[in-house]
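Coordinate inspection notes
The lines below spell out each chain.
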Amino acid sequence: MFASMRAELLVLRKWPAAWGLLALTPLLVLLSDYVAEWIFYLTLTPAYYSTEGTPAQNLQGLLPSQFNIIAVFQFTFAGTAPFIVLGAAMAGGDWGRGTITTALLQGPGRARTFAGQAAALIVAVTASVLATFAVAAAASSVIRLVEAKSVNPVAAAMPGVGVIAESVGAALLVAIAYGMVGLFLGTVFRSAAGAVAVALVWTLIVEGTLWDLALQLPRGLVRTITDLTLNASAVTVTGDFGTPGGGAGSQNYLIVRPVVAIATLLAYIAASLALALLVLRHRDAVTATKRRFRLRWRRRRRPAGSAGRTRPPRPEPAVTGVLASLRAELLIMRKRPAVWALVLVLPVDMLINSYGYAYVLYATANSGVSLGVNVPQVLSSLLPDQYLMTALNGGFGEFNEVNGVVVFMLLGALVGGSDWGLNTVRTALLQGPGRLRTFAGQGLALAGAVAVSVLLTFVLAAAASSIIALHQTGSLAPAGGQFPAFGDVAAALAAGLVLGLAYMAIGLSLGVWLRSAGAAIGAVLLWAVVAEPSIEYFAGQLHGIIVKLYQLLPDASTNALVNLDGTPSYYYGASQPQGHVAPPLAFLILGLYAAIFLVIPALVTRRRDIA
């Protein structure tokens, strides 16, 4: 087992994507919770005191007395994505590349080989967790030194050793649980790309959706399912130490009891290890890639006399050039479950979050935790006249601090990185109609997938709004709820398409440039979880030349097009986001992003050595 663990650690040490995933959480706590909050503290003006608090109040969360709360708070919702992705990439990559065959045939045994892989993952995850707490402690200590004159000595003191140890233990339990689930997914799917796609959809979208629905439904099937999810237990074990800014004396809403949460996380770890080992012990070590190679080799060695007894092959249609590459790419994408998942996740997520969640708000208004809901506004957002606004905001907008358009980045990174990582691009470029034509076919196939996802999002929004209107008013077009004009529909569809194409092109460029789906997906996570939320956090406070620079980033144009038809406001007194970019300029900027980031991988594909 120890030999297998050392071998896995050696692989992780030489794997840039693993370093990126493990560094993501320490970077998140440094940039989002200390650097960004420190800048906010320095630039806070009296106009924001009533809503954001005074500088003295904001300083409390940046001092050493709360560093363990800030650090442990990272291991919920999107913060857990790096660990489940790392586990999925480790196991799925071994099966996809065929290296698992060598490891199992030459190793000490299947159970010991798997135990070594799991132990290596635990070591890597532990290093990331400890680095997160170390970064938080160091950053808070620096801030304490800089603000020595205005710091309360009590707030400047570090928590007790026992509290720090408990915080680290809670974070470790959560991170290891997500890592083991990822290891199980990679073993089951036998593909890093498929396992990572499922892991991201579950972590970034499904768990957050279930959590929001459960807050409105104190009992029932949805609440029971949510209580059994990893995220519910993670929120409980990490939230028991207090809230950022409020300190250890503040209370979080714990959806399950701490004992139940710990038992659930341990059960996930045990079940993931047991099921993955069960699959590993009973699965043929010869991967599908080697089976196909052997089948082709046997066909080549078939005796000449047997050729006449075989059925002659059907003639293929004469399709050449870009169309041949397009057809081949569509055939490959059609057989990849991960691609289907990423294409369908946006419309399904929009349906659940925008219509399912809003309808639950409407049904439970002014009761439970839904106090202060603007009931007429909720109902109006569900009717046909606002379905374009609901589709754009619910599908492409921000949810749990992650924009929906990130799905298209993942799609581009997955397709582009997989071809280079598995070296299938070599065969395609050598046998295809030419490098640029081959890449053009791949780009058109991805554009088609984006178009299907965008169109399906708007179609489902229109259908859902029609059903709600029929149920609530008895008419498909009630008074004040008629469907939008054709021009508005065309503009909204164009906004969705240009958003999807721009972000898909960025993901495709990352996949081709990094030559790895795992590394590209890690870069996407770095942008979606760390960089983009930090930029969005300061968007409302930018002035002068900084605003001009912000307008050139995709974030500003994304906000402008997502809010093209308005923004839903479910609560009384909710503020509307202020856009920095006019819609025509947003279309132009995102169109340029799409063009530039399609040209970059085309040039790389044309000039890179594929030997």
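Residues numbered from 1 in each chain as written. Predicted model: local features only at pLDDT ≥ 70, side-chain atom pairs only at ≥ 80, totals over all residues. Heavy atoms only, no water.

1. Brief notes about the overall build of the chain
Along the chain, the regular secondary structure elements total 27 helices and 2 strands. Here the chain holds 611 residues, and 50% of them are scored as buried. Within the structure as shown, the chain displays about 28000 Å² of accessible surface, and the carbon and sulfur contribution to it stands at 66%. (Helix = DSSP H or I, 4+ residues; strand = E, 2+ residues; numbered from the N terminus. Buried < 20%, exposed > 50% of the residue type's maximum accessible area, 1.4 Å probe, protein only. Areas by Shrake-Rupley, 256 points an atom, 1.4 Å probe, with all protein chains shown as cover.)

2. Thoughts on a nonpolar patch on the surface
A cluster of nonpolar side chains, Leu27, Leu30, Leu31, Val35, Ile39 and Leu526, forms an exposed patch at the surface whose accessible area comes to about 400 Å². It is helix α2 (residues 16–43) that contributes the most residues to the nonpolar patch, 5 residues altogether. Structurally, the position occupied by Leu31 is in helix α2. Taking relative accessible area as the criterion, Leu31 reaches 35% and is therefore assigned partly exposed. (Patch = residues over 30% accessible without salt bridge, like charges linked within 9 Å, V, L, I, M, F, W, Y side chains within 5 Å. Salt bridge = Lys/Arg side-chain N within 4 Å of Asp/Glu carboxyl O.)

3. Some thoughts on the pattern of salt bridges
All chains considered together, the criterion is met by 1 salt bridge. One salt bridge in this structure joins Asp227 and Arg223, with 3.2 Å as the shortest N-O distance. Taken together, the positions of Asp227 and Arg223, both in helix α12 (residues 221–227) and 4 residues apart, correspond to about one turn of that helix.

4. Structural notes on helix α13 (residues 230–239)
Counting buried positions along α13 yields 10 of 10 residues, so the element is predominantly enclosed. Restricting attention to buried positions, one finds in α13 the residues Leu230, Asn231, Ala232, Ser233, Ala234, Val235, Thr236, Val237, Thr238 and Gly239. Buried residues belonging to α13 abut α5 (67–72), α10 (161–189), α11 (192–216), α12 and α14 (258–282). (Contact = heavy atoms within 4.5 Å.)

5. Structural notes on the side chain of Ser32
Tracing the sequence through the fold places Ser32 in helix α2. Classification of Ser32 as buried rests on a relative accessible area of 17%. Setting aside chain neighbours within four positions, we find Ser32 in contact with Leu27, Glu37, Val530 and Ser534.

6. Let's talk about unusual backbone geometry
For Phe77, which is not glycine, the phi torsion reads 50 degrees and is therefore positive. Along the chain, Phe77 falls in the loop between α5 and α6 (81–97).

7. Section: the confidence of the model for the chain
In the predicted model, the chain carries a mean pLDDT of 84, and the fraction of residues at 70 or more is 86%. Taken element by element, the chain is modelled with least confidence in helix α15 (residues 288–300), mean pLDDT 48, and with most confidence in helix α23 (residues 486–514), mean pLDDT 96. A low-confidence stretch, residues 571–578 (pLDDT under 50), is modelled with 15 contacts involving residues beyond four sequence positions or located in other chains. (pLDDT = per-residue confidence, 0-100.)

8. Thoughts on the packing of helix α8 (residues 110–146) against α10
Axis separation between α8 and α10 bottoms out at 9 Å; the angle between their running directions is 140 degrees. Comparing their axes, α10 and α8 come out oblique. Of the two possible hands of crossing, α8 and α10 adopt the one that is right-handed. Along its contact with α8, which presents Phe114, Gln117, Ala118, Leu121, Ile122, Val125, Thr126, Val129, Leu130 and Phe133, the element α10 presents Ser167, Val168, Ala171, Leu172, Ala175, Ile176, Gly179, Met180 and Leu183. The residue makeup of the contact of α8 with α10, split by class, is 15 nonpolar, 4 polar and no charged. (Axes fitted to C-alpha atoms, helices over the stretch in contact; angles between N-to-C directions. Parallel < 35°, antiparallel > 145°, perpendicular 65-115°, else oblique. Left-handed = near helix turned anticlockwise from the far one by under 90°. Nonpolar A, V, L, I, M, F, W, Y, C, P; charged D, E, K, R; others polar.)

9. Focus on the environment of Leu31
Between the C-alpha atoms of Leu31 and Ser534, which are 503 residues apart in sequence, the distance is 7.5 Å. Every residue in contact with Leu31, bar those within four places of it in the chain, is listed here: Ala36, Val530 and Ser534.

10. Considerations on the packing of aromatic side chains
All chains considered together, the criterion is met by 8 aromatic pairs. Between Phe396 and Phe458 the ring centres are 6.3 Å apart and the planes differ by 35 degrees, which places this aromatic pair in the tilted class. In this pair, Phe396 is assigned in helix α19 (residues 387–396) and Phe458 in helix α22 (residues 435–473), connecting sequence segments 62 residues apart. Residue class for Phe396 comes out buried when judged on its relative accessible area of 0%. Assessed through its relative accessible area of 4%, Phe458 is described here as buried. We note Arg283 situated over the ring of Trp95; from NZ or CZ to the ring centre the distance is 4.7 Å. (Phe/Tyr/Trp six-rings, centres within 6.5 Å; stacked < 30°, edge-to-face > 60°. Lys NZ or Arg CZ within 6 Å of the ring centre and 35° of its normal.)

11. Some remarks on the side chain of Gln442
Structurally, the position occupied by Gln442 is in helix α22. A residue is classified by how much of its surface remains accessible, and Gln442, at 8% relative accessible area, is buried. Within the local environment of Gln442, its side chain forms a polar contact with the side chain of Asp419, the two groups lying 2.6 Å apart. In this structure Gln442 touches Ser325, Glu329, Val415, Asp419 and Leu508, once residues within four positions along its chain are discounted. (Polar contact = N/O pair within 3.5 Å; in protein donor to acceptor, adjacent residues only side chain to side chain.)

12. A short note on helix α24 (residues 517–538)
Between its first and last C-alpha, α24 extends 31 Å over 22 residues, near the 32 Å set by a 1.5 Å rise per residue. At Ala531, α24 shows its maximal kink, close to 35 degrees; a proline, Pro533, follows between one and four residues later. Near the N-terminus of α24, the side chain that reaches the backbone nitrogen of Ala519, with its oxygen 3.2 Å away, is that of Ser516. (Expected span 1.5 Å × (residues − 1). Bend = angle between axes of the 7 residues up to and from the residue.)

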